[in-house]
Amino acid sequence: MKRKKISAETTVEILFFLFLLVFYLMWARVQPMGAGPDEQMRYQIADYIYKHGSLPVGDDPSVRNVVWGISYAFSPILSYMIAAVFMKAVSLVTTAPFALLLAARFVNILFGLGTVWLVLDMGKRLFDRRKAWIAAAFVGLLPGSLFVFTYVNCDALAVFSTAVIVYAWVRYLDEGWIYKNCVILALGVAACALSYYNAYGFILCSIFFFGITLFMEAKKKGKYTDFVKKGLLVCVIVLLLAAWWFIRNAILYDGDFIGMNASTICAEKYAKKNYKPSNRRTPQMAGYSLLDMLNYGFPQEDGFSWVELVSGSFVGRFGNMDVFMPKWLINNYLDFIKAGFLLIFLHPMKTFAIRVKKQWSVKGIFNWCMLVAMIIPNILNAYYSYASDYQPQGRYSLPMIVPLTYFMVMGYGNLFEVQIKKESLRKKIYAAICVALAVLAIFVFFGVIWPEYKDVPFSIRAFIYGS
């Protein structure tokens, strides 16, 4: 029997994902416990589930932080539930503390690899192959996303779930709302609901995009029963997979199905004096306008605007937001992002027109949903800093990375296709961008991350047992 030959493209993909896997493992290994924001508090939830085989209540003393008076058990904990399964599997071989931590971190590594694979596949559907590689390399190698994919958090699941949702939208553009795509959308929405609230804008946009396009499809075919059947299918899958968490919250916390109010009450009761919500100063309480906070930060004496801090940490700030990349590198990343996004306005009507030749443009509706889904995490991030707890961190805006990358790659495509007529030269430029993204990511690891934790050994024994 003749063996099927692996294509050069498949070989490149395999090598790329092997590189990402090794690179993510290096990041996860070199960072000690607590190297990411609130990792210790988050890991406590996974550790509790691993040890007890049950879910903790938000105010359980064994997971409640003594300073803040709360735990992450009030928020969706799907990431930590999966992490506990991985920890249990690793415990069959070793119960070394650092091995269990790596098992928990490995969940987010898989979410990262999954996100990049989805971006690569949807990039091939939306663009040509070379542009798809830019999208995958940017999402997979941006230091800010690299960081989130390598410590215990629920941000990685949020990013992955948004990629699944957008992937379903993109498949619809190719194939329509076949049942497979409806199921993919439902799985993405359910995962998003159980990830992080700042990603919920994608659920809102999915309701609009799915509802409008499914109705248009049903109307075109004259089969409105499909609209009902497929709509019910998505709703039932989402409810079966995600509703249990919110019902559980409502039962545990006197009807508070989100858990936010219960978390606030718990913090007020158990937090140390200066950390109680009633004693916490916010820009809103201090009389700042939202624009003041965005432009000048809080307090103004710090000299850093909210926008500057969020955009810088979105690109890459590590540790507990106290490990910095060089300023020139942050600025270059931001310039690359801004230039690509602004270049979409070379063809604004082509991109955002929803009526073309007296017909509804599905691609225009898709682009508007992508734009809104990109904006909403930033609105939620800004409002949280303004009214609840001033934390100007880019990871809260990270769910926008898939639509942002889509527009950025589209923008550069607009430029190069007009300015560079020779296709072979364009391909070389696209390849050079991918290589540059990889080189910069490697530079950040060896120039910023490893020196920060330079005493970490890299033997197999040290990899398992920790430093």
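Rules and cut-offs
Residues numbered from 1 in each chain as written. Predicted model: local features only at pLDDT ≥ 70, side-chain atom pairs only at ≥ 80, totals over all residues. Heavy atoms only, no water. Patch = residues over 30% accessible without salt bridge, like charges linked within 9 Å, V, L, I, M, F, W, Y side chains within 5 Å. Areas by Shrake-Rupley, 256 points an atom, 1.4 Å probe, with all protein chains shown as cover. Salt bridge = Lys/Arg side-chain N within 4 Å of Asp/Glu carboxyl O. Helix = DSSP H or I, 4+ residues; strand = E, 2+ residues; numbered from the N terminus. Buried < 20%, exposed > 50% of the residue type's maximum accessible area, 1.4 Å probe, protein only.

Side chains of V183, L187, F215, Y224, F227, V228, L232, V236, L240 and L241 sit close together on the surface and give an oily, nonpolar patch of about 880 Å² of accessible area. Elements that contribute at least two residues to the nonpolar patch include exactly helix 8 (179–193) and helix 10 (224–252). Per element, the largest residue contribution to the nonpolar patch is seven residues, and it comes from helix 10. On the secondary structure map, F215 appears in helix 9 (residues 201–221). Its relative accessible area of 38% is what places F215 among the partly exposed residues.

With that settled, consider the environment of G53. Mapped onto the elements, G53 comes out in the loop between helix 2 (39–52) and helix 3 (78–91). For the pair formed by G53 and K124, sequence separation is 71 residues and the distance between their alpha carbons is 42 Å.

Applying the stated criterion to the full structure yields 15 salt bridges. With a shortest N-O distance of 3.4 Å, E308 and K327 are connected by a salt bridge. With E308 in helix 13 (residues 306–316) and K327 in helix 14 (residues 327–342), this residue pair connects regions lying 19 residues apart in the sequence. Exposure remark for E308: the relative accessible area of 32% places this residue in the partly exposed category. A salt bridge links K338 to D335; the shortest N-O distance between them is 3.9 Å. Here K338 and its partner D335 are both found in helix 14, three residues apart, which amounts to about one turn of the helix. We classify D335 as partly exposed; its relative accessible area is 41%. Here the salt bridges do not stand alone but share partners, grouping D121, R125, R171, D174 and E175 into one network.

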